[in-house]
Amino acid sequence: QVQLVESRGGLVQAGGSLRLSCAASGSIFSIKDMGWYRQAPGKQRELVATIASDGSTVYADSVKGRFTISRTNTMNTVLLQMNSLTPEDTAVYFCHAKIKNSLGVFWDYWGQGTQVSVSS
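Residues numbered from 1 in each chain as written. Predicted model: local features only at pLDDT ≥ 70, side-chain atom pairs only at ≥ 80, totals over all residues. Heavy atoms only, no water.

## Quick look at the nonpolar core
So, step 1. Core analysis: the biggest nonpolar cluster contains 30 residues, and Trp36, Leu80, Met82 and Tyr93 have the highest contact counts within it.
So, step 2. Take this core: its biggest share by element is 5 residues, from strand β9 (residues 91–100).
So, step 3. The contacts of tyrosine 93, once residues within four sequence positions are left out, are Glu6, Leu20, Trp36, Tyr37, Arg38, Val48, Phe67, Leu80, Met82, Gly113, Thr114 and Val116. (Core = buried A, V, L, I, M, F, W, Y, C linked by side-chain atoms within 4.5 Å. Buried < 20%, exposed > 50% of the residue type's maximum accessible area, 1.4 Å probe, protein only. Helix = DSSP H or I, 4+ residues; strand = E, 2+ residues; numbered from the N terminus. Contact = heavy atoms within 4.5 Å.)

Written as structure tokens, this is what we have:
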């Protein structure tokens, strides 16, 4: 059993900052990728940023230069530092992890989602 536990989001004013964290726990052999996706009302879920086990990162164009994704030394926690937030960043943010279990099989896991709201 694997769980992804996300920190609480929040409400911030435009131009403000917020940091999200997500910790993976349970029957984990290794974690390949961890990342964040978001879904705004009426829109499809979209990639925000991901970070691989080698530290390589991918960002959505809309957040480049404003958001930074990182992983802790244990590699089981992913952080998303969000700066210069705009109302367009308002969405439910979901943590994602691609995790290999003891049988060598990779599975996709999702957090429960956390609301980030940015007021203008």
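## Section: the pattern of salt bridges
So, step 1. Overall, the coordinates contain 5 salt bridges when judged by the stated rule.
So, step 2. Between arginine 38 and aspartate 89 there is a salt bridge whose closest N-O contact spans 2.9 Å. Highlighted residues: arginine 38 in strand β4 (residues 30–39) and aspartate 89 in the loop between β8 (77–82) and β9, separated in sequence by 51 residues.
So, step 3. Judged by its relative accessible area of 1%, aspartate 89 falls in the buried class. (Salt bridge = Lys/Arg side-chain N within 4 Å of Asp/Glu carboxyl O.)

## Regarding the pairing of β9
On any regular strand, side chains alternate: one points to one face of the sheet, the next to the other face.
So, step 1. Counting buried positions along β9 gives 7 out of 10 residues, so the element sits mostly inside the fold.
So, step 2. The sheet contact formed by β4 and β9 spans 9 bridges and is antiparallel. The residue of β9 that forms the bridge with tyrosine 37 is phenylalanine 94.
So, step 3. Where β9 and strand β11 (residues 114–119) come together, 3 bridges link them in antiparallel fashion. Each residue of the ladder has a partner; that of alanine 91, found in β11, is valine 116.
So, step 4. Hairpin connection of β9 to strand β10 (residues 106–110): 5 residues between the antiparallel strands, including glycine 104 at a positive phi of 85°. (Pairing = 2+ DSSP bridges.)

## Overview of the state of the cysteines
Linking two cysteines covalently via their sulfur atoms produces the bond known as a disulfide.
So, step 1. One pass over the structure, following the stated rule, counts 1 disulfide.
So, step 2. Shown here is the disulfide that connects cysteine 22 with cysteine 95, its sulfur atoms set 2.0 Å apart. Negative torsions about the S-S bond denote left-handed disulfides, and the value of about -85° found for cysteine 22 with cysteine 95 makes this one left-handed. Residue cysteine 22 is located in strand β3 (residues 18–26), and its partner cysteine 95 is located in strand β9; the two are separated by 73 residues in the primary sequence.
So, step 3. Of the residues examined, cysteine 95 reaches a relative accessible area of 0% and is grouped as buried. (Disulfide = S-S within 2.5 Å.)

Keep in mind that these numbers describe shape and distance, not what the molecule does.
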